[in-house]
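Reading the structure
What follows is each chain in one-letter form.
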Amino acid sequence: MFLYKIELQLPEGKQAHLIVLAASDEKAFSYVESHAQRHFLHTPELQSIAIVEKKRPEPGSGYLIEG
């Protein structure tokens, strides 16, 4: 399992980041749409999706997301 930081490009130049635990890159990408649907009231069109960081989870693992 890996902890992924995924960057989502939204309309109007906006960005969002998703932190997800997955067994592979393919699985991490497969979770993006469902998380976007749960988070947004009206799901925006995702213009691009990219894995920014990938690391093995261990106690204290995490990501700092800047606003």
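Let me begin by describing the structure that accompanies this report. Everything numeric in this text was worked out from a predicted model, so none of it was measured. (Residues numbered from 1 in each chain as written. Predicted model: local features only at pLDDT ≥ 70, side-chain atom pairs only at ≥ 80, totals over all residues. Heavy atoms only, no water.)

**Regarding the pairing of strand β2 (residues 15–22)**
Covered by surrounding structure in β2 are A16, L18, V20 and A22 only, the residues Q15, H17, I19 and L21 on the alternate face being uncovered. As defined by bridge partners, strand β1 (residues 2–9) adjoins β2 across eight bridges and the pair is classed as antiparallel. Counted as the bridge partner of Q9 is Q15 from β2. Once β1 ends, the chain turns through five residues before running back antiparallel as β2, passing E12 with a positive phi of about 65°. (Buried < 20%, exposed > 50% of the residue type's maximum accessible area, 1.4 Å probe, protein only. Helix = DSSP H or I, 4+ residues; strand = E, 2+ residues; numbered from the N terminus. Pairing = 2+ DSSP bridges.)

**Looking at the nonpolar core**
The biggest cluster of nonpolar side chains holds 13 residues, and the ones touching the most others in it are Y4, I6, L8, V20, A28, V32 and L46. Looking at this core, the elements with two or more residues in it are β1, β2 and α1 (25–39). Not counting residues within four places of it along the chain, the set of residues in contact with A28 comprises Y4, I6, V20 and A22. (Core = buried A, V, L, I, M, F, W, Y, C linked by side-chain atoms within 4.5 Å. Contact = heavy atoms within 4.5 Å.)

**Some thoughts on the sheet that holds β2**
If you trace the three strands from one edge of the open sheet to the other, you get β2-β1-β3, paired in antiparallel fashion. Of all strands in the sheet, those bounded by a partner on one side alone are β2 and β3 (48–55). Across this sheet, the average inter-strand angle for adjacent strands is 25°, counted without regard to direction. (Axes fitted to C-alpha atoms, helices over the stretch in contact; angles between N-to-C directions.)

**Concerning α1**
Along its 15 residues, α1 runs 21 Å from first to last C-alpha, staying within 8% of the 21 Å computed at 1.5 Å per residue. V32 marks the point of greatest bend in α1, at about 25°. Those residues of α1 lying buried are A28, V32 and A36. Tucked into the core, α1 has its buried residues touching β1, β2 and β3. (Expected span 1.5 Å × (residues − 1). Bend = angle between axes of the 7 residues up to and from the residue.)

Keep in mind these numbers describe shape, not what the thing actually does.
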